[in-house]
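Chain residues, written in single-letter form:
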Amino acid sequence: MQATLTVLGSGTSMGVPTIGCACAVCRSSDPHDRRTRPSIMLSYRDPGDNDRHVLIDTTPDFREQALREHITQLDAVLYTHTHADHILGIDDLRPLTYHHKPGRMPLYATPRNCEFLRNMFRYIFEADYKFGGLPLVELKPIEGAVELFGARFEPVTVIHGETPILGFRFGSAAYLTDHSSVPPDSLAKLRDLDILFLDALRYKPHPTHSTVEQSLEIVAEVKPKRAFFTHICHDLPHEATNAALPPGVQLSYDGMKLEFEI
Ligand SMILES: [Zn+2]
Ligand SMILES: [Zn+2]
Ligand SMILES: [Zn+2]
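Residues numbered from 1 in each chain as written. Chains lettered and ligands numbered in written order. Predicted model: local features only at pLDDT ≥ 70, side-chain atom pairs only at ≥ 80, totals over all residues. Heavy atoms only, no water.

Within the protein one finds eight helices and 14 strands. Its C-alpha radius of gyration of 18 Å places the protein within 12% of the 18 Å reference for a compact globule of 262 residues. The principal-axis extents of the C-alpha atoms in the protein amount to approximately 55 × 40 × 35 Å. The buried share of the protein, reckoned over its 262 residues, is 55%. In the form shown here, the protein has an accessible surface area of approximately 12,000 Å², with 51% of it arising from carbon and sulfur atoms. Side chains of the protein give 26 positive and 34 negative charges; the mean places of these two sets differ by 3 Å. (Helix = DSSP H or I, 4+ residues; strand = E, 2+ residues; numbered from the N terminus. Rg over C-alpha atoms; globule rule 2.2 N^0.38 Å. Buried < 20%, exposed > 50% of the residue type's maximum accessible area, 1.4 Å probe, protein only. Areas by Shrake-Rupley, 256 points an atom, 1.4 Å probe, with all protein chains shown as cover. Lys, Arg positive; Asp, Glu negative; His and termini not counted. Charge placed at Lys NZ, Arg CZ, Asp CG, Glu CD.)

Bringing the coordination of the zinc ion (ligand 1) into the picture now. The protein atoms donating to the zinc ion (ligand 1) are Asp85 (OD), His86 (NE2), Asp178 (OD) and His231 (NE2), with metal-donor distances spanning 2.1 to 2.3 Å. Classification of the site at the zinc ion (ligand 1) as irregular follows from its four donor atoms and the range of 93 to 162 degrees in their angles at the metal. Of the residues examined, Asp178 reaches a relative accessible area of 1% and is grouped as buried. (Donors = N, O, S within 2.8 Å, 3.2 Å for Na, K, Ca; no water. Tetrahedral: all angles 85-135°; square planar, octahedral: opposite > 155°, others 65-115°.)

Protein ligation of the zinc ion (ligand 2) involves Cys21 (SG), Cys23 (SG), Cys26 (SG) and His234 (ND1), the donor distances falling in the range 2.1 to 2.3 Å. Viewed at the metal, the four donor atoms of the zinc ion (ligand 2) are separated by angles of 104 to 115 degrees, and the geometry they form is tetrahedral.

When helix α7 (residues 212–222) is considered as a whole, its buried residues turn out to be Val212, Ser215, Ile218, Val219 and Val222. Buried residues along α7 cover an arc of 120 degrees about the axis, so they all sit on one side. Opposite the packed face of α7, turned more than 90 degrees from it, sit the exposed residues Glu213 and Glu217. In this structure, the buried residues of α7 make contact with α6 (184–187), β11 (195–199), β12 (226–230) and β13 (249–251). (Arc of directions from axis to C-beta. Contact = heavy atoms within 4.5 Å.)

Under the criterion given, the structure shown has 17 salt bridges. For Arg68, the salt bridge is made with Asp254, and the minimal N-O distance between the two is 3.5 Å. Taken together, the residues Arg68 in helix α1 (residues 62–68) and Asp254 in the loop between β13 and β14 (257–261) connect sequence positions 186 residues apart. Since its relative accessible area comes to 16%, Asp254 is described here as buried. The salt bridge involving Lys257 is made with Glu69; its shortest N-O contact spans 3.0 Å. Within this pair, whereas Lys257 is found in strand β14, its partner Glu69 is found in the loop between α1 and β4 (76–78), the two being separated by 188 residues in sequence. Connected through shared salt-bridge partners, Arg68, Glu69, Asp254 and Lys257 make up one network. (Salt bridge = Lys/Arg side-chain N within 4 Å of Asp/Glu carboxyl O.)

Bringing unusual backbone geometry into the picture now. Note that the residue after Val16, namely Pro17, is joined by a cis bond; omega there is 0 degrees. For the peptide bond that leads from Lys101 to Pro102, omega is 0 degrees, which places it in the cis range. Its identity as a non-glycine residue notwithstanding, His231 has a phi of 55 degrees, on the positive side. For His231, the position within the fold is in the loop between β12 and α8 (238–244). Among the residues examined, His231 registers a relative accessible area of 1% and is labelled buried.

What follows covers the environment of Thr6. Along the chain, Thr6 turns up in strand β1 (residues 2–9). It is 20 Å that separates the C-alpha atoms of Thr6 and Met105, two residues lying 99 residues apart in sequence.

Here it is in structure tokens:
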């Protein structure tokens with residue numbers, strides 16, 4: 001099936017511009033240098049000819065991202081992990097969950113992350129509100145690949161500092177955010193890709209995130225047709241960084257759209 005990947009956010013946890021920072025990238029007039037927190041959406045037509053939209057992560061910027069991209073429907077959310085920059089927009093799913101009545105919008109995460117989300121957002125999952133006002137969502141623990149509306153989403157484990165978290169492969173594309181390393185078993189799941197998204201925070205090493213250089217090594221190893229970097233901080237000016245990257249590798253940016261086979 002033909003699918004569209006929309007980059008909702010390409011920025012690191014603090015976003016770019018960063019609050020209180022007056023560096024050149026934070027003051028840049030290039031719209032590509034404005035990066036909201038990291039998330040993508042996959043859109044495709046299912047075998048029953050219905051449009052489907054699957055979100056990866058609900059960032060604190062989800063509301064702005066949804067308004068910017070005119071999102072009117074969301075069918076499911078997949079979570080990579082439970083850091084604040086990937087989950088705090090959960091409440092803004094609210095208007096999009098109403099279309100799921102009398103059901104609930106499914107949220108897929110590892111069993112451990114489902115437990116974390118249940119505890120973190122007790123007001124949603126243990127609610128006793130008489131008058132609504134809550135997102136109508138349900139947690140769906142996943143142990144392995146999940147099929148959503150005719151498309152297969154395969155978890156790809158990456159290491160984020162000391163913690164294993166999830167990336168996902170879906171058809172000819174894969175999205176890995178928040179990794180400091182990618183284990184060999186996971187690299188093996190990334191063969192023959194048209195599109196590969198990788199974490200590339202900055203040039204300087206970081207304990208929990210990949211650098212431009214480290215992610216270029218992954219690109220050289222798995223050889224996707226095109227690679228895009230995300231979770232980018234204010235150390236990387238869009239235009240100058242892109243000019244220095246090898247062919248087939250680019251920084252992603254908020255609002256970027258890519259076509260691929262899912
Ligand atoms: Zn993050
Ligand atoms: Zn800055
Ligand atoms: Zn993280």
